[in-house]
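Examination of the molecular architecture
Take a look at the letters that make up each chain.
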Amino acid sequence: MLKELKTKLTGFFRLKNRINLCLKHKWVLVGLAVLLSIPTVSVFAAEKVEITWWHAMSGSRLKVVDAVVESFNATHPDIELKPLFTGTYAETLTKFIASYRTGTAPNLIQVYEVGTQTMIDSEAILPVYQIPGMLGEAWDWAQYVIPITNYYSVEGNLWSMPFNSSSAMLYYNKDIFRAAGLDPNKPPTTWKEMEEYGEQILASGVVDHVYSGGWPGWIWEQTLGYHNHLYADNDNGRAGLAKKVVFNDDFGHMVFETWIRLHDKGIYIYGGPEYAANSAFKAGRIAMLIQSTSSLAGILKASEFEVGTSFLPRFEGYPVGNSLVGGGSLWVTKGKSEEELRAVWEFLKYLGQTEIAIQWHKGTGYFPVTNAALKALLDEGWFSNQTYLTAFLEILSGRRDTAAATGARLGPFVAMREHFRAALEKAIAGDLSPKEALDEAAEKMNQLLKDYAELYGG
Amino acid sequence: MGGKPKAYPPPLGSCRPKGEAMQEERFPGYKWLPYLLVAPSIAVIVIFLVVPFVQSVRGSFFISTPFGTKTIYVGLRNYIRLFSSPDYQNSILTTLAFSAFVIIIGLSVSLGIAQLLNQKIRGLGFYQVALIWTYALSPAIAGVIWASMFAPATGLVPYIVSKLSGGYVLNWMTNGRIALLVVVAAATWKMLGYNIVFLLAGLQNVPKALMEAARVDGAGPWKAFWRITFPMLSPTTTFLLFVNMLYAFFQVFGLIDIMTRGGPGNATEILVYKLYRDGFIHLNTGSASAQSFVIFFVISIGAIIQLRVATRKAIYAR
């Protein structure tokens, strides 16, 4: 041990002497510094056009992304598309902002639906509807599924490319329905039935709680849109920047109070902000789940019981709207060379090809984005499985002509959703009455909208 | 700030007698060499700490769009909004409660365990490793473990509680107080190993002769602990107090992010987590800059108090 130390020390002193020797020749040092400061110049001239894409697809979705990119690169020898997983949606957006401000932004970026207004106002992107014209091409935008393009359009022009779209639906455990003496092929269609079924299931003692869900803020938006009710003024922020939210009226309070009442009865158990409730459903500890359609594949794979799916329950006697599109879309960074833009456009067109859209849908559970892919899936009999059919019918079955049924587009949407989640949690905990909690959230959201309008001069 | 000390800290305030090293020039003939050699470190500190700090102080007087396309000077508005916001006041209280719990519970439990470990028993090595390894876990993994243990519908703990109490539903996702306690427990547990290592080292440094002398003089174990062991441990305790404060303010971020995301309501939204949410998720950089300055201020005050008071009381000499 000691000996080892000694040899090390001797070595160190030798090194020191050598450095000293070096230092005698100051010019050596200067030369070294100059050498180091010369930027390394790549000697290889790029033959391929390199484009980068930042996305937030992890887990099994990442594999599908990689497969699609690989086949794209293989079929386009002059393009090298480099995908990069950059964390969650929020992290990806933050990184994009930082990179844009330092001039190192990727060509293409995936942004979640709540970030839509932020991207539109960013002055950092090129709306996709302008791209074919810039490249001297014509493009038929009607080939994409309409509720999706509606969501990402400003005054009828599509700003971002539909990519991973999902909606919310009701999952239910048919075995539990049977055990509780309910018809497994008759899921609840209204909230009144949710309550009645819930009481019956609780009385049967099969489970301790009947239903749960994820993404509370999003389910709230869904419920409003589903009843053709506006979330915010100025046509949900689609006719101009929204100034205030309009959901805390009689309808909103009624919905919110219903949820809290079901919770107080033990029917509803709160399931956290995202997907935590899925494990309870998969383990058979709750009978129903209100969750994103993109959870379907995972739920079918992990559940050892018969899974049923259905539309979201309705409140009877209120107008009919549509369930909303969630998920994400692809945005094109502006200020890149025409060569790169052409390559990006090739990729965006590639994603719309029928077999690629089908591959994407089957691998992930997100909607096929084009009508042709949807038709091919229908012809193929893919939807003969009822559980798969529900989700698609859902966004296609409602009305599409109102802003309320298209969904809100708001600047500070991410923070607003959090305020809703906090309100729900406070009301469930009994810290505030349902009415107080919802009004408090609305007030905070109005302040956010006001701040946003101040910044953007709306 | 926040760096983990690698070795036992040198006694603060003590330094080598002056003149010994300074008399003779270390690099004869190369007057500027020492400066050149420390320049990289200084550059790193300036580029990564000083410049961002100045920038965020400046940023706290503005509001700006996420992409920086527009910036408006608002004076002290970001600060005024912060301190008049019930959410921020709540966040300050939560942070104080959280760090008090983590520091007090963490240090007393660790001291108890370290005391137990500081004796000759069979299988000592096993116990030591078993109690220390928690520190090697990443916050994300610790968070996942605790979150799944307490998962309302599927977790082990709510199941046991419900069986024992005849149906009480322990749902930390809807009960803020329980959530805070669970996060405190997880954070304390996570830091236990680190605290135990240092306290154990401190305990082993307490001279046996002193203890024996005390025993001869008729002091019981309790008295010996409070009169000898505890004062002798004070340098370690002082150091751990500071490290645990930094831990409770900053490093628990990962645990909170994985376990509660600041919820339910805002029950576990400590200052640094609120800053992260406002700055990086809600893209409100002005407010986040103001918050970072507030945290800097709070931590500085805490550090000064600890260094002034605690170092004076700590006994370094043997």
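First, a word on what this report is: a plain description of the structure on this page. (Residues numbered from 1 in each chain as written. Chains lettered and ligands numbered in written order. Predicted model: local features only at pLDDT ≥ 70, side-chain atom pairs only at ≥ 80, totals over all residues. Heavy atoms only, no water.)

Digging into the overall build of chain A
- Regarding its fold elements, chain A presents 21 helices and 12 strands.
- Expressed as a percentage of the 458 residues in chain A, the buried residues total 55%.
- Accessible area for chain A stands at about 20200 Å²; split by element, carbon and sulfur atoms hold 57% of it. (Helix = DSSP H or I, 4+ residues; strand = E, 2+ residues; numbered from the N terminus. Buried < 20%, exposed > 50% of the residue type's maximum accessible area, 1.4 Å probe, protein only. Areas by Shrake-Rupley, 256 points an atom, 1.4 Å probe, with all protein chains shown as cover.)

Remarks on the pattern of salt bridges
Residues and elements named next belong to chain A.
- Scanning all chains against the criterion turns up 28 salt bridges over all chains.
- With a shortest N-O distance of 3.3 Å, Lys 82 and Glu 50 are connected by a salt bridge. Of this pair, Lys 82 sits in strand β2 (residues 79-85) while Glu 50 sits in strand β1 (residues 49-55), and the two are 32 residues apart along the sequence.
- By relative accessible area, Lys 82 is classed as partly exposed at 36%.
- We note a salt bridge from Arg 178 to Asp 175, for which the minimum N-O separation is 3.2 Å. You can see Arg 178 and its partner Asp 175 sitting in helix α8 (residues 174-179), 3 residues apart, about one turn around the helix.
- On the accessibility criterion, Asp 175 (34% relative accessible area) is partly exposed.
- A single salt-bridge network, built from bridges that share partners, covers Lys 174, Asp 175, Arg 178 and Glu 306. (Salt bridge = Lys/Arg side-chain N within 4 Å of Asp/Glu carboxyl O.)

What to know about the environment of Ile269(A)
- Relative to the elements of secondary structure, Ile269(A) occurs in the loop between α12 (250-264) and α13 (276-282).
- Taking the C-alpha atoms as reference points, Ile269(A) and Val210(A), 59 residues apart in sequence, are found 7.5 Å from one another.

A few points about the packing of helix α10 (residues 216-226) of chain A against helix α20 (residues 413-429) of chain A
Residue and element names in this part refer to chain A.
- Close contact between α10 and α20 brings their axes to 8 Å; oriented N to C, the two are set at 95°. When the axis of α10 is compared with that of α20, the two are roughly perpendicular. Note on element contacts: α20 touches α10 through Phe 413, Arg 417, Phe 420, Arg 421 and Leu 424, opposite Pro 216, Gly 217, Trp 218, Trp 220 and Glu 221. (Axes fitted to C-alpha atoms, helices over the stretch in contact; angles between N-to-C directions. Parallel < 35°, antiparallel > 145°, perpendicular 65-115°, else oblique. Contact = heavy atoms within 4.5 Å.)

Looking at the interface of chain A and chain B
- At the junction of the two partners, chain A supplies 46 residues and chain B supplies 33 residues.
- Here chain A meets chain B over a buried area of about 3200 Å², counting both sides, of which 61% is carbon and sulfur.
- Across the contact surface, chain A and chain B share 5 salt bridges.
- Here Glu454(A) ties to Arg77(B) by a salt bridge, and the two come within 3.3 Å at their closest N and O atoms.
- If one sorts the elements of the side of chain A that touches chain B by residue count, α20(A) sits on top with 10 residues. (Buried area = accessible area lost by both parts, 1.4 Å probe.)

Here's the deal with the pairing of strand β8 (residues 168-173) of chain A
Residue and element names in this part refer to chain A.
- Of all 6 residues in β8, 6 are buried, a share of seventy percent or more.
- Residues Ala 168, Leu 170 and Tyr 172 of β8 are buried on one face, and the alternating residues Met 169, Tyr 171 and Asn 173, pointing to the opposite face, are buried as well.
- Relative to strand β10 (residues 288-292), β8 runs antiparallel, the two sharing 5 bridges. When the bridges of β10 are listed, Ala 168 appears paired with Ser 292.
- The sheet contact formed by β8 and strand β11 (residues 307-310) spans 4 bridges and is antiparallel. Along β11, the bridge assignment pairs Tyr 171 with Thr 309. (Pairing = 2+ DSSP bridges.)

Remarks on helix α12 (residues 271-281) of chain B
All names here are of chain B.
- For α12, the buried fraction is high: 10 of the 11 residues fall into the buried class.
- Among the residues of α12, Leu 271, Val 272, Tyr 273, Lys 274, Leu 275, Tyr 276, Arg 277, Asp 278, Gly 279 and Ile 281 are the ones counted as buried.
- Positive backbone phi, approximately 60°, marks Leu 283, located one or two places after α12.

A short note on the packing of aromatic side chains
- One pass over the structure, following the stated rule, counts 58 aromatic pairs over all chains.
- Plain terms: the ring middles of Trp53(A) and Phe163(A) are 5.5 Å apart, the flat faces sit at 80° to each other, and that makes the pair edge-to-face. Taken together, the residues span a long stretch of sequence, with Trp53(A) in strand β1 and Phe163(A) in strand β7 (residues 161-166) at a distance of 110 residues. Exposure class is identical for Trp53(A) and Phe163(A). Each is buried.
- Taken together, a centroid distance of 5.1 Å and an interplanar angle of 55° make the contact between Phe198(B) and Phe239(B) tilted. Within this pair, whereas Phe198(B) is found in helix α7 (residues 176-204), its partner Phe239(B) is found in helix α10 (residues 234-251), the two being separated by 41 residues in sequence. Both residues of the pair, Phe198(B) and Phe239(B), count as buried.
- Between the NZ or CZ atom of Arg314(A) and the centre of the ring of Tyr226(A), over which it lies, the distance is 5.5 Å.
- Stacked on the ring of Phe413(A), the Lys or Arg Arg417(A) has its end atom at 5.6 Å from the ring centre. (Phe/Tyr/Trp six-rings, centres within 6.5 Å; stacked < 30°, edge-to-face > 60°. Lys NZ or Arg CZ within 6 Å of the ring centre and 35° of its normal.)

Structural notes on the sheet that holds β8(A)
All names here are of chain A.
- If you trace the 4 strands from one edge of the open sheet to the other, you get β9-β10-β8-β11, paired in mixed fashion. Every other strand in the sheet has two partners, leaving β9 (211-213) and β11 as the edge strands with one partner each. Going across the sheet, the axis of each strand differs from the next one's by a mean of 25°, ignoring polarity.

Let's talk about the pairing of β1(A)
Residue and element names in this part refer to chain A.
- In terms of burial, β1 is largely enclosed, as 5 of its 7 residues are buried.
- Relative to β2, β1 is paired through 7 bridges, and the arrangement is parallel. Each residue of the ladder has a partner; that of Trp 53, found in β2, is Pro 83.
- Where β1 lies against strand β3 (residues 108-112), 2 bridges are found, and the strand directions are parallel. Pairing of Trp 54 across the sheet is with Ile 109, part of β3.

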